[in-house]
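Here's the letter readout for the chains.
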Amino acid sequence: MSLFLPKLSCKKDIDEVIKTVAEKVLVLRFGRDEDSVCLQLDEILSKTSHDLSNMASIYIVDVDSAPVYTRYFDISYIPSTVFFFNGQHMKVDYGSPDHTKFVGSFKTKQDFMDLIEVIYRGAMRGKMIVQSPIDPQNIPKYDLLYHGI
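Quick caveat, the model's predicted, so the values are computed rather than measured.

Calculation rules
Residues numbered from 1 in each chain as written. Predicted model: local features only at pLDDT ≥ 70, side-chain atom pairs only at ≥ 80, totals over all residues. Heavy atoms only, no water. Core = buried A, V, L, I, M, F, W, Y, C linked by side-chain atoms within 4.5 Å. Buried < 20%, exposed > 50% of the residue type's maximum accessible area, 1.4 Å probe, protein only. Helix = DSSP H or I, 4+ residues; strand = E, 2+ residues; numbered from the N terminus. Contact = heavy atoms within 4.5 Å. Pairing = 2+ DSSP bridges. Right-handed = clockwise from strand over helix to strand, strands pointing away. Expected span 1.5 Å × (residues − 1). Polar contact = N/O pair within 3.5 Å; in protein donor to acceptor, adjacent residues only side chain to side chain.

> With reference to specific residues and values, describe the nonpolar core.
Core analysis: the biggest nonpolar cluster contains 27 residues, and Phe 83, Phe 106, Phe 112 and Ile 116 have the highest contact counts within it. Put simply, the parts of the chain that give this core at least two residues each are β2 (25-31), α2 (36-49), β3 (56-62), β4 (80-85), β5 (88-93) and α4 (109-124). Element by element, the count of residues in this core is highest for α4, at six residues. Core analysis: the next-biggest nonpolar cluster, separate from the first, contains 17 residues, Ile 18, Leu 26, Val 61 and Ile 75 among them.

As structure tokens, this is what we get:
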């Protein structure tokens, strides 16, 4: 768990943050405090949060405390990072089938900072989907799981 990042513990808190964060990218990291990959991602998020404070607000969400959002965003793998801007869900084309979230940890702080900048600039121009600036080799690969088909 990151001691430096605010934690959202219920659906009401998440809804409130989505509604109230304005003119900034809202970053929601879904995961578990005891997961090693989540801890690795939390370290990157906490180290960059001050540098990105003009462009982004970063929050931690435990997947078990927000099952509604876990199902809605189909969070099968953790950590998963979801982005919003002025209450709108921002999508990013990572070159994978799923544009709704980033799955796994970022390889470097710079990858995360570049992504936030691209989302912010795209959102300020009214775009709802942006192209990922991250090198495809640095994007974790996974297979989509479809339940109940």
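After that view of the structure, there is still more to cover.
> Let's hear about the side chain of Thr 70: which residues, and what values?
Checked against the element boundaries, Thr 70 lands in helix α3 (residues 67-72). Since its relative accessible area comes to 14%, Thr 70 is described here as buried. The contact partners of Thr 70, leaving out residues within four places of it in the chain, are Val 63 and Ile 75.

> Quick one: what's the story with the pairing of β2, residue by residue and with numbers?
Of all seven residues in β2, seven are buried, a share of seventy percent or more. A two-sided burial pattern is seen for β2, the buried positions comprising Val 25, Val 27, Arg 29 and Gly 31 on one face and Leu 26, Leu 28 and Phe 30 on the other. Where β2 meets β3, seven bridges bridge the pair, whose relative direction is parallel. In the strand pairing of β3, Leu 26 is matched with Ser 57. For the crossover from β2 across α2 to β3, the handedness is right-handed. As judged from the six bridges shared by β2 and β4, these two strands associate in the antiparallel manner. Following the sheet pairing, Val 27 is matched in β4 by Phe 83.

> Talk me through α2; I want residue IDs and the actual numbers.
Here α2 is 14 residues long and its end C-alpha atoms lie 20 Å apart, about the 20 Å a rise of 1.5 Å per residue gives. Inspection of α2 places Cys 38, Leu 41, Asp 42, Ile 44, Leu 45, Ser 46 and Thr 48 among the buried residues, and these make up the whole buried set. Each element contacted by the buried residues of α2 is listed here: β2, β3, β4 and α4. The backbone nitrogen of Val 37 has a side-chain oxygen 3.1 Å away, supplied by the residue at the start of α2, namely Asp 35.

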